[in-house]
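What follows is the residue order along each chain.
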Amino acid sequence: MTVTTGGTIESIEKFHEDLWMLNITPDKMRRYQPGQFLQFSLDEFSYSQPWPESRTFSIASWGREYMRLLIKKTGSYTSRIFEEAVPGRRVSLKYPYGEFLLSENGNKAILCTGAGISPFLSLLDYLNKVESREEVFIFHTAPHKSYLVELGDIAQYGNVHLVAFVTRESCEFPRRRMVIDDVISTLGDDANQFTFYLCGSDGFLLSMQKELRNNRIEKIKSESWTVFKEV
Amino acid sequence: MISLSAIVDRKQVFDDVKKYLSSCDSRHFCPGKTTIPFAGRVFDSSEIVNLVDAALDTWLTTGRYAEEFEYQFAEFFGLSSCSLVNSGSSANLIALTSLTSPKLGERRLKPGDEVITVAAGFPTTVNPVVQNNLIPVFIDVELGTYNINTKNLEEAITERTKAIMLAHTLGNPFDLGKIMQLVKKYDLFLIEDCCDALGSTYDGKMVGTFGDFATFSFYPAHHITMGEGGAVLTNSTEYERLVRSFRDWGRDCYCDPGASNTCGRRFEQQHGDLPYGYDHKYVYSHIGYNLKLTDLQAAVGVAQLKKLPMFIEKRKHNFRRLKEGMKKYSEFFILPEATPSSDPSWFAFPITVKESAPFTRNEIVAHLESSKIMTRMLFGGNLTRQPAYKDVKYRIFGELINTDIVMNRNFFIGVYPGITDEMIEYILHVFDKFIRERTQ
């Protein structure tokens, strides 16, 4: 059950030159679940015409009066967003979509790369609001430390733990990609008690799913549309 | 193409529509001459203005009004999902068929599985069971509530029982306390057919919020109308996807009409044996239907929704007045009784003529009809005795004694919001006259 609505860009957080967070207030705010996504268009929509050119983005927030969209510049449309997005700019939205739902109970292991952290930011909002006691491990490989967004303040989320890797610069996190051994050694014998949520590039998803299954882990959910690949 | 909305001043059109409608308004009740329907639409200009507005959009298929109705209707129930369809019967078909989806894995309904229901009701509560090669198991009903008799219901449950699909008969909630207890104990699916029960509550909670699915009808006889129309409600995102797939040709993609690439991977997925990247818009994961409704219908529904609280109160008011006026004839009639713990938003006022009465059901019905008071039977009576069910495979648990009584001696009259106090007075007067004549 979706809603089609206009919205206004309220502010922009520039985490990196190619990674921005747009804070948008939709004209019609509807309920959605952490993990769901939306259709975003820079163009106006008309109820009498087909939906304009748009892109899909995870909703990177939950339970706020506005929505956050984490956008990585990868192609022509996202480049247009980076050129045209300014506070006050009107946009068009259609939401919510998707079955990559993160509000299910239980301990979670999140494996993501780059801007693939986006849907899990809504989970952090959710956990914060519902005061969940479930344990969440976030394994995140990012090219730059700034891609970790506000995960540096992870302590505020109680039982949420960050295991980060940064590939293109030196910082307090290991300078390499995550590998399956990082996950298994962190979770130990309890690994099977976790549901694994994966988000990232196709290659990352395929290889990590295979590795997890090799380690007899079956509860795996993945979201592959957020590859930020543009035609 | 020039958009009509660009060249037409809609406000002027709407004002003209209102002017036209006010010139047509000629409601006047003349006892004995004006027919009192058992049900009917109650409109003012807002429904027609919305209808014209939707027409001027020239979109016609499911669109903005459908989106608005789905949101508001789901909010009314506090549920996450409403999917509009073209009728209440389609809603039942889609709700039950969704439970046969392979996407549900071992949980899905398979041919030969049993679904508990009743035979005293409308056929399209039961037909989806038959259409999906499942076996309806008929349980007898109670007289007075006209709902399933739950006393020995547990004994009817076998290893093959997978679901319960029941209507809240004529707006009167079935025994949700007992049913929910069995649903949980035996891990059964529950579909609440709420087509006649919009606004009824059980234990203070809206019917339609207890089961896996709730279905509604917006045919003119029902609590609100779109002409034709229906809805499937659920609180499950997983079920919503199945409902929409079966509704929209069985497709895998969830693009709305006119939209493309909603998932962002239209040409980038592997589906079954199709070539990689086959257009997701034309990938089918179910043997589906096309049961969408038009935006014109939804536009009428949006205006009707605003009146819903008033409609519900008026139905309850009319029911109370009839019940009060008919109490003195309880010697001859079994009068309707609300299920314990419930507050029905009545669809109608059902009456069963007692065997000891000095007249038959057909005689009182003929008298009412000749007095311009419309009557109806409790739909199919006993469905197992309908010609259509002659070759249908079903199981009867116990005997359908009361179901036969419903078929032979029950009828109902209306309580819909178009029935005024003056009409109620007249209806009671007609009953008085008939009883007086028959008992002298």
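Here, residues in each chain are numbered from 1, in the same order as that chain's written sequence. Just so you know, chain letters begin at A and ligand numbers begin at 1, following the order they were written in. Reporting of local features is limited, given that this is a predicted model, to residues whose pLDDT is at least 70; pairs of side-chain atoms are given and counted only at 80 or more, and all residues count toward the totals for whole chains, interfaces and linings. No hydrogens and no water enter the side-chain calculation; it runs on all heavy atoms of the structure.

Novice: It is not clear to me how the overall build of chain B should be interpreted in this structure. Could you clarify?
Specialist: Only runs of H or I of at least four residues qualify as helices and only runs of E of at least two qualify as strands under DSSP, and these elements are numbered from the N terminus. Scanning chain B for helices and strands turns up 13 helices and 14 strands. In terms of overall dimensions, chain B is globule-like: its C-alpha atoms have a radius of gyration of 23 Å, near the 22 Å expected for 440 residues. Projected onto its principal axes, the C-alpha positions of chain B cover 85 × 65 × 40 Å. Think of it in three bands: residues with accessible area under 20% of the maximum for their type are buried, residues over 50% are exposed, and the middle band is partly exposed, with areas taken using a 1.4 Å probe on protein chains only. With 440 residues in all, chain B has 58% of them scored as buried. Residue contacts follow a heavy-atom distance rule, with two residues in contact if any of their heavy atoms lie within 4.5 Å. In chain B, once contacts between residues fewer than 6 apart in sequence are set aside, the share between residues at least 24 apart is 73%. When the accessible surface of chain B is summed, it comes to about 18400 Å², and 53% of that surface belongs to carbon and sulfur atoms. Only C-alpha atoms enter the radius of gyration; for comparison, a globular chain is expected to reach 2.2 Å times N to the power 0.38, where N is the number of residues. For the area figures, the Shrake-Rupley method with a 1.4 Å probe applies, and any residue is considered shielded solely by the protein chains shown.

Novice: Explain the pairing of strand 4 (residues 55–58) of chain A here, please?
Specialist: Two faces make up the sheet, and in a regular strand the side chains alternate between them. Residues and elements named next belong to chain A. Of the two faces of strand 4, the one holding Arg55 and Phe57 and the one holding Thr56 and Ser58 are both buried throughout. Taken together, the four bridges between strand 3 (residues 37–41) and strand 4 define a ladder with antiparallel strand orientation. Pairing of phenylalanine 40 across the sheet is with arginine 55, part of strand 4. A strand pair is defined by DSSP finding two or more bridges across the two strands.

Novice: Explain empty space enclosed by the protein here, please?
Specialist: Empty space among the atoms becomes apparent when a probe as large as a water molecule is rolled across them. All names here are of chain B. Here a cavity is any set of points on a 1 Å grid over the protein atoms alone where a 1.4 Å probe fits but cannot get out, and a pocket is any open set with protein on both sides within 12 Å along at least 5 of 7 lines; a residue lines the site when it has an atom within 4 Å of a point. Grid points are joined across faces, edges and corners, and a volume is the space filled by probe spheres set on the points. A full pass over the atoms with the stated rule returns one cavity of 30 Å³ or more. The computed volume of the largest cavity comes to approximately 40 Å³. Around the largest cavity, the lining residues are Gly40, Arg41, Val42, His222, His223, Ile224, Thr225, Gln304, Phe311, Arg315, Tyr416 and Pro417. Under the convention adopted here, Pro, Cys and the residues Ala, Val, Leu, Ile, Met, Phe, Trp and Tyr are nonpolar, Asp, Glu, Lys and Arg are charged, and Gly plus all remaining residues are polar. When grouped by side-chain class, the residues that make up the lining of the largest cavity number five nonpolar, five polar and two charged.

Novice: Explanation requested: the interface of chain B and chain A in the structure shown.
Specialist: Where interface size is quoted, it is often the accessible area lost as the parts come together. Counting residues at the interface gives 30 residues for chain B and 29 residues for chain A. Buried area is calculated as the accessible area (1.4 Å probe) missing from two parts once they are joined, with the contributions of both summed. Summing both partners gives a buried area of about 2400 Å² for chain B against chain A, and 45% of it is carried by carbon and sulfur. Note on definitions: salt bridges are taken to be side-chain nitrogens of Lys or Arg within 4 Å of carboxyl oxygens of Asp or Glu. The interface formed by chain B and chain A contains five salt bridges. As a salt-bridge pair, aspartate 202 of chain A and arginine 265 of chain B come within 3.5 Å of each other at their nearest N and O atoms. Pairing of N or O atoms within 3.5 Å defines a polar contact, subject to two protein rules: one partner must be a possible hydrogen donor and the other a possible acceptor, and residues neighboring in sequence count only if both atoms are side-chain atoms. The tally of links from chain B across to chain A stands at 10 residue pairs in polar contact (both at pLDDT 80 or more). Taken together, the elements giving at least two residues each to the side of chain B that touches chain A come down to helix 4 (64–77), strand 1 (81–85) and helix 9 (237–247) of chain B.

Novice: Sorry if this is basic, but what is going on with the sheet that holds strand 12 (residues 348–353) of chain B here?
Specialist: Note: strands within a sheet are paired through backbone hydrogen bonds, in either parallel or antiparallel orientation. All names here are of chain B. If you trace the three strands from one edge of the open sheet to the other, you get 10-12-14, paired in antiparallel fashion. Both edges of this open sheet fall to strand 10 (333–334) and strand 14 (410–414), since each of them pairs with a single strand only. Across five bridges, strand 12 lies against strand 14 in antiparallel orientation. Opposite threonine 352, over in strand 14, you have asparagine 410 as the bridge partner. Lines fitted to C-alpha atoms define the axes here, with helix axes fitted over just the stretch in contact, and angles between the N-to-C directions of these axes take values from 0 to 180 degrees. Where helix 11 (residues 361–370) meets the sheet, its contacts fall on strand 12 and strand 14, and the angle it forms with strand 14 comes to roughly 20°.

Novice: What am I meant to see in the packing of aromatic side chains here?
Specialist: Two numbers describe a pair of aromatic rings. These are the distance of the centres and the angle of the planes. Pairing of aromatic side chains requires ring centres within 6.5 Å, counting the rings of Phe and Tyr and the six-membered ring of Trp. Pairs whose planes differ by under 30 degrees are stacked, by over 60 edge-to-face, and all others tilted. Inspection of every chain in the model, using the stated rule, returns 33 aromatic pairs over all chains. Ring geometry for phenylalanine 45 of chain A versus tyrosine 47 of chain A: centroids 5.2 Å apart, planes at 85°, classification edge-to-face. Since its relative accessible area comes to 21%, phenylalanine 45 of chain A is described here as partly exposed. Residue tyrosine 47 of chain A is classed as partly exposed on the basis of its relative accessible area, which comes to 27%. Taking 5.8 Å as the distance between ring centres and 70° as the angle between the ring planes, the aromatic pair formed by phenylalanine 379 of chain B and phenylalanine 412 of chain B counts as edge-to-face. Taken as a pair, phenylalanine 379 of chain B in the loop between helix 11 and strand 13 (395–396) and phenylalanine 412 of chain B in strand 14 lie far apart in primary sequence, 33 residues in all. By relative accessible area, phenylalanine 379 of chain B is classed as partly exposed at 27%. One Lys or Arg, lysine 205 of chain B, reaches over the ring of phenylalanine 210 of chain B and ends 4.4 Å from the middle of that ring. Two conditions define a charge sitting above a ring: the NZ of Lys or the CZ of Arg must be within 6 Å of the ring centre, and it must be within 35 degrees of the ring normal.

Novice: Help me understand the confidence of the model for chain A, please; the structure alone is not making it clear to me.
Specialist: If pLDDT is low for a region, its predicted coordinates should not be looked at in detail. pLDDT measures how confident the predictor is about each residue, on a scale from 0 to 100. When pLDDT is averaged along chain A, the result is 90, and 94% of the positions lie at 70 or above. When the criterion is pLDDT under 50, residues 225–231 of chain A qualifies, and its contacts beyond four places in sequence or with other chains add up to 26 contacts.

Novice: Hey, could you run me through helix 3 (residues 45–57) of chain B in this one?
Specialist: For an α-helix the count is 3.6 residues per turn, leaving residues at separations of three or four pointing the same way. All names here are of chain B. Between its terminal C-alpha atoms helix 3 stretches 18 Å, which fits the 18 Å expected from 13 residues at 1.5 Å a residue. Where helix 3 is concerned, the buried positions are Glu47, Val49, Asn50, Asp53, Ala54, Leu56 and Asp57. Immediately downstream of helix 3, the backbone of threonine 58 shows phi near 60°, a positive value. Multiplying 1.5 Å by the helix residue count minus one yields the expected span of that helix.

Novice: Is there a simple way to explain the pattern of salt bridges in this structure?
Specialist: Oppositely charged side chains may form a pair once their charged atoms are brought near each other. Taken as a whole and assessed by the stated rule, the structure comprises 43 salt bridges over all chains. The closest approach of N and O atoms between glutamate 53 of chain A and arginine 55 of chain A, which form a salt bridge, is 3.5 Å. A salt bridge links arginine 385 of chain B to aspartate 404 of chain B; its shortest N-O distance comes to 2.7 Å. With arginine 385 of chain B in the loop between helix 11 and strand 13 and aspartate 404 of chain B in helix 12 (residues 401–409), this pair connects stretches of sequence that are 19 residues apart. Of the residues examined, arginine 385 of chain B reaches a relative accessible area of 52% and is grouped as exposed. A relative accessible area of 17% means that aspartate 404 of chain B is categorised as buried. Within this structure, Glu70, Glu240, Arg244, Arg247 and Asp248 of chain B form a network of salt bridges that share partners.

Novice: Explanation requested: the pairing of strand 8 (residues 136–142) of chain A in the structure shown.
Specialist: Residue and element names in this part refer to chain A. Most of strand 8 sits inside the fold, with seven of its seven residues counted as buried. With burial as the criterion, each face of strand 8 is covered, one bearing Val136, Ile138, His140 and Ala142 and the other bearing Phe137, Phe139 and Thr141. Crossovers are described as right-handed under a simple rule: with the strands pointing away from the observer, the path leading from the first strand over the helix to the second runs clockwise. The β-α-β motif built from strand 7 (residues 108–113), the intervening helix 2 (residues 118–130) and the parallel element strand 8 has right-handed crossover chirality. Where strand 8 and strand 9 (residues 160–166) come together, seven bridges link them in parallel fashion.

Novice: I'm lost on unusual backbone geometry in this one. Help?
Specialist: It is generally the case that most residues other than glycine have a negative phi and that most peptide bonds are trans. Omega for the peptide link from tyrosine 95 of chain A to proline 96 of chain A comes to -10°, which places this bond in the cis form. Within the secondary structure, proline 96 of chain A sits in strand 6 (residues 90–97). Positive phi outside glycine occurs at aspartate 187 of chain B, with the angle close to 55°. Locating aspartate 187 of chain B in the fold gives a position in the loop between helix 8 (176–186) and strand 5 (189–193). Relative accessible area serves as the criterion here: at 69%, aspartate 187 of chain B is assigned to the exposed category. For aspartate 203 of chain B, which is not a glycine, the phi torsion comes out positive at approximately 55°. Here aspartate 203 of chain B is to be found in the loop between strand 6 (201–202) and strand 7 (205–206).

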